[in-house]
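Summary of structural features
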Amino acid sequence: MPTTTPLAYDPMDVAIDVAPYETWRRMRDEAPVYHHERLGFYALSRYADVSAALRDTATYSSAHGNVLEFLSERELESGMMILTDPPAHTRLRSQVARVFTVRRISALEPEIRRICDELLERWTPGENFDLVQDFGALLPAIVMTSLLGVPDEDREPVRRTIDTMFHVLPDVGMFNDVSGAAMGELERYLDDLLTRRAADPGDDLLSGLVQSELSRRECVEFAMLLATAGTETVGRLLGWATVVLDQHPDQRAALAADPALIPGAVEELLRFEGPSPVQGRWTTRPVTLHGVTIPAGSKVLLLTSSAGRDERKYADPDRFDVRRDIDHHVSFGYGVHFCLGAALARLESRIGLESMLAHHPTWVVDHERSVRAHTSTVRGWEHLFVR
Ligand code: HEM
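Here's a quick rundown of the structure.

What follows deals with the site of the ligand. Taken together, 27 residues are adjacent to the ligand, and His89, Arg93, Arg281, His337 and Cys339 come closest. Between the ligand and the protein, one listed contact pairs an oxygen atom with a backbone N or O atom of Ile82 at 3.5 Å. A distance of 3.5 Å separates an oxygen atom of the ligand from a polar atom in the backbone of Val336. Among the elements of the structure, α4 (88-97), α12 (216-229), α13 (232-247), β5 (278-283) and α17 (342-359) are those that each provide at least two residues to the shell around the ligand. For the shell around the ligand, the residue count by class is 16 nonpolar, nine polar and two charged.

Looking now at the coordination of the iron atom of the ligand. Protein coordination of the iron atom of the ligand is limited to a single donor, Cys339 (SG), positioned at 2.3 Å. Examined against the element boundaries, Cys339 turns out to sit in the loop between α16 (304-307) and α17.

All right, on to the pattern of salt bridges then. Scanning the entire structure with this criterion turns up 37 salt bridges. A salt bridge links Arg379 to Glu273, with the nearest nitrogen and oxygen atoms 2.8 Å apart. Separated by 106 residues along the polypeptide, Arg379 in strand β10 (residues 379-386) and Glu273 in the loop between α15 (262-272) and β5 bring together distant segments of the chain. The pair formed by Arg379 and Glu273 is uniform in burial state, with each residue classed as buried. Each of Glu22, Arg25, Arg28, Asp29, Asp310, Glu311 and Arg312 takes part in one network of salt bridges that share partners.

Another point: the pairing of strand β8 (residues 299-303). By the criterion of burial, β8 is predominantly enclosed, with four of the five residues buried. By the bridge criterion, four bridges tie strand β2 (residues 41-44) to β8 in an arrangement that is parallel. Counterpart to Ala43 in the pairing with β8 is Leu301. Here β5 runs beside β8; their pairing, made up of five bridges, is antiparallel. Across the sheet, residue Arg281 finds its bridge partner in β8, namely Val300.

Here the focus is α12. Taking 1.5 Å of rise per residue, the 14 residues of α12 would be expected to cover 20 Å, and the 20 Å separating its terminal C-alpha atoms lies within 8% of that figure. Counting buried positions along α12 gives 10 out of 14 residues, so the element sits mostly inside the fold. Structurally, α12 contributes buried residues whose contacts are with α4, α8 (138-147), α9 (152-165), α10 (177-199) and α11 (205-210).

Ordered by their spatial adjacency, three strands build an open sheet running β4-β10-β9, and the pairing between neighbours is antiparallel. The open sheet has two edge strands, β4 (129-130) and β9 (365-374), and neither has a second partner. In the sheet, β9 pairs with β10 via six bridges, with the strands oriented antiparallel. Bridge pairing links Ala373 to Gly380 in β10. Strand contacts of α13: β9 and β10, with the helix running at about 60° to β10, the strand carrying the most contacts.

Definitions and limits used
Residues numbered from 1 in each chain as written. Predicted model: local features only at pLDDT ≥ 70, side-chain atom pairs only at ≥ 80, totals over all residues. Heavy atoms only, no water. Near = heavy atom within 4 Å. Polar contact = N/O pair within 3.5 Å; in protein donor to acceptor, adjacent residues only side chain to side chain. Helix = DSSP H or I, 4+ residues; strand = E, 2+ residues; numbered from the N terminus. Nonpolar A, V, L, I, M, F, W, Y, C, P; charged D, E, K, R; others polar. Donors = N, O, S within 2.8 Å, 3.2 Å for Na, K, Ca; no water. Salt bridge = Lys/Arg side-chain N within 4 Å of Asp/Glu carboxyl O. Buried < 20%, exposed > 50% of the residue type's maximum accessible area, 1.4 Å probe, protein only. Pairing = 2+ DSSP bridges. Expected span 1.5 Å × (residues − 1). Contact = heavy atoms within 4.5 Å. Axes fitted to C-alpha atoms, helices over the stretch in contact; angles between N-to-C directions.

Next up, the structure:
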């Protein structure tokens, strides 16, 4: 039967955010270059189009913002590499790549395992536990304080400040006075810590940054980018792991029995329920796709989580399968902006899942009490109660 309801996609629509997959499937089939006239944006939803656009930074610019609410004519002139295009991006990324190394990330493994064990020991069988607030959100924020080399005595207050940066106010959203004040506080703290590291460098990431060619402003902005991009996303992924595995108990049992399957399960989770589903861009020139011309100076949303469910790319895409052989997905982005923290995100998710399954091989999600987080950038759970 043909569908008669008009196709409408608004990333801020809570009902769509809760269950977007049918809308995204229709967009891929009926309007692969979707245009929302009132909100003034275009959206690409097929894997092939999204992955090509992510790589084409000359047409799809990040310098005008990457979130629908903030995309505008004006270039942002930000020192945050996620909001720049080559060649400015190339310079920033090559500088930070020298300090954000594989060695530094791998060295965090024992600490990540210790933090997971410590947090999960508070989850007692039969009792309610908020998997996001008491574990998923805490883990990456604590790891971040360690990665940034925050002194022990400051870690808990800094972690709380990072947490407050993600405070969402009803009807106002994620950009509000509370989150703004916390961002200002963290910026001042990091600037001060950078001054201390410049005077007395150690082996930590901030010491490496102050010794690079980056300006002080760029160092602070990079540290802020890590604290924002590297915490909420991981927490949301662990939330999705909890929900999706509860819906697929046979696969959860398979992971508990054979932890070697966990890295593949993390990739399947990223494809199946990507925590960062929408990447905003601004067109620098007209582009024609599937017979539709997107004019220069347009807002474009690249729906990376729709790409993860594209039947043109993945067989039976709505089936969750931890054994699926995934050659590629775009849930960490693609091209020059490919997630800098992907290795850390994979490490935290793998160890997080290993620890969850070792502590509690089964759990039941209390959907009645659990609460979704609705922001325009990240999809997932704010509170997730499990027994
Ligand atoms: C499951 C967790 C994560 C997901 C799903 C995720 C997703 C993404 C995506 C989709 C992008 C590309 C954005 C764009 O093209 O505009 C990105 C970029 C980025 N991510 Fe992640 N991320 C995760 C974890 C992390 C972590 C743990 C860190 C750092 C510790 C991090 C740091 C960054 C940075 C710095 C960029 C910007 C890279 C650039 O512009 O060159 N992310 N991430």
